[in-house]
Amino acid sequence: QQQVKQSPQSLIVQKGGISIINCAYENTAFDYFPWYQQFPGKGPALLIAIRPDVSEKKEGRFTISFNKSAKQFSLHIMDSQPGDSATYFCAARYPGGGNKLTFGTGTQLKVEL
Amino acid sequence: DGGITQSPKYLFRKEGQNVTLSCEQNLNHDAMYWYRQDPGQGLRLIYYSQIVNDFQKGDIAEGYSVSREKKESFPLTVTSAQKNPTAFYLCASSVSPNAYADTQYFGPGTRLTVL
């Protein structure tokens, strides 16, 4: 049972375009929503994260949009570059201590020249 | 050079053998985690530890065991009871398991192949 559903599974975007990855969740108790970026053969690294009481967070070319009522959040990559080609995972944190995260299934992004 | 070290990078084992994956961190983090990554399934939590000499099962603990005798080390043993052990294993750590928005930092992973 996937607690966080992520789409699309793969995405091809032209250089300079906008990449959009979506995630949806059911458990309204989740209290923190990070996005991780993973390059082939490497471990994931935190990219950007948001709290559920904030509707948008922007860091450079990366923006998270959060819709609490719809239980959805998305990652937008503006001016996508070939160096952004990686796998992106959304995640949600279980409340109550332990810092446990549940991850989406990942989106493989390819940015073409 | 601070970080998380996982060894070996690639590991091959015969079916039915137990194998132990190493994870070491010099970040002075209290919490450590083990995840399994399979194509199309994301990362799934195997075990986590909030403090030395304590650990809890994650979502897919069956067939795995861990220990946390030192703050820096959190080895994972894949036992012969794990039905499908071939996967990419990732270790992570974070400063404090009870701190809000506590970032998990990941190691480079170990790719285990059972022949």
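Before reading on, note that the structure itself is shown above.
All values derive from a computational prediction rather than experimental measurement. (Residues numbered from 1 in each chain as written. Chains lettered and ligands numbered in written order. Predicted model: local features only at pLDDT ≥ 70, side-chain atom pairs only at ≥ 80, totals over all residues. Heavy atoms only, no water.)

As for unusual backbone geometry
And step 1. Geometrically, the link from S7 of chain A to P8 of chain A is a cis peptide bond, its omega value of -5° lying close to zero.
And step 2. By the element assignment, P8 of chain A lies in the loop between β1 (4–7) and β2 (10–14).
And step 3. Non-glycine residue N53 of chain B carries a positive phi angle of around 65°.
And step 4. On the accessibility criterion, N53 of chain B (62% relative accessible area) is exposed. (Helix = DSSP H or I, 4+ residues; strand = E, 2+ residues; numbered from the N terminus. Buried < 20%, exposed > 50% of the residue type's maximum accessible area, 1.4 Å probe, protein only.)

Examining the side chain of Q6 of chain B
All names here are of chain B.
And step 1. Looking at the secondary structure, you find Q6 in strand β1 (residues 4–7).
And step 2. Here the side chain of Q6 touches Y89 through a polar contact of 3.1 Å, landing on its backbone oxygen.
And step 3. Within the local environment of Q6, its side chain forms a polar contact with the backbone nitrogen of G109, the two atoms lying 2.9 Å apart.
And step 4. Those residues in contact with Q6 that lie beyond four places of it in its chain are S22, W34, Y89, L90, C91, G107, P108, G109 and T110. (Polar contact = N/O pair within 3.5 Å; in protein donor to acceptor, adjacent residues only side chain to side chain. Contact = heavy atoms within 4.5 Å.)

Digging into the nonpolar core
And step 1. Residues V4, F33, W35, F73, L75 and Y88 of chain A are the most contacted members of the largest nonpolar core, which totals 25 residues.
And step 2. Contributing elements (two or more residues each) for this core: β2, β3 (19–25), β4 (33–38), β5 (45–50), β7 (62–67), β8 (72–77), β9 (86–93) and β11 (107–112) of chain A.
And step 3. Of all the elements, β9 of chain A adds the most residues to this core, at four residues.
And step 4. Discounting chain neighbours no more than four positions away, the residues touching F73 of chain A are V4, I21, N22, C23, Y25, F33, W35, S65, F66, C90 and A91 of chain A.
And step 5. If you look at the next biggest cluster of nonpolar residues, it comprises 20 residues, including M32, I60, A61 and L76 of chain B. (Core = buried A, V, L, I, M, F, W, Y, C linked by side-chain atoms within 4.5 Å.)

Notes on the state of the cysteines
And step 1. According to the stated counting rule, one finds two disulfides over all chains in the structure shown.
And step 2. Across a sulfur-sulfur distance of 1.9 Å, C23 of chain A and C90 of chain A are joined as a disulfide pair. As the torsion about the S-S bond is roughly -95°, the C23 of chain A-C90 of chain A disulfide counts as left-handed. Here the residue C23 of chain A occupies a position in strand β3, and C90 of chain A occupies one in strand β9, the gap between them amounting to 67 residues.
And step 3. Two residues share a disulfide in this structure: C23 of chain B and C91 of chain B, whose sulfurs sit 1.9 Å from each other. Across the S-S bond linking C23 of chain B and C91 of chain B, the dihedral sits near -70°, which makes this disulfide left-handed. Highlighted residues: C23 of chain B in strand β3 (residues 19–25) and C91 of chain B in strand β9 (residues 87–94), separated in sequence by 68 residues. The burial state of C23 of chain B is the same as that of C91 of chain B; both residues are buried. (Disulfide = S-S within 2.5 Å.)

As far as function goes, none of this settles anything; it's purely spatial.
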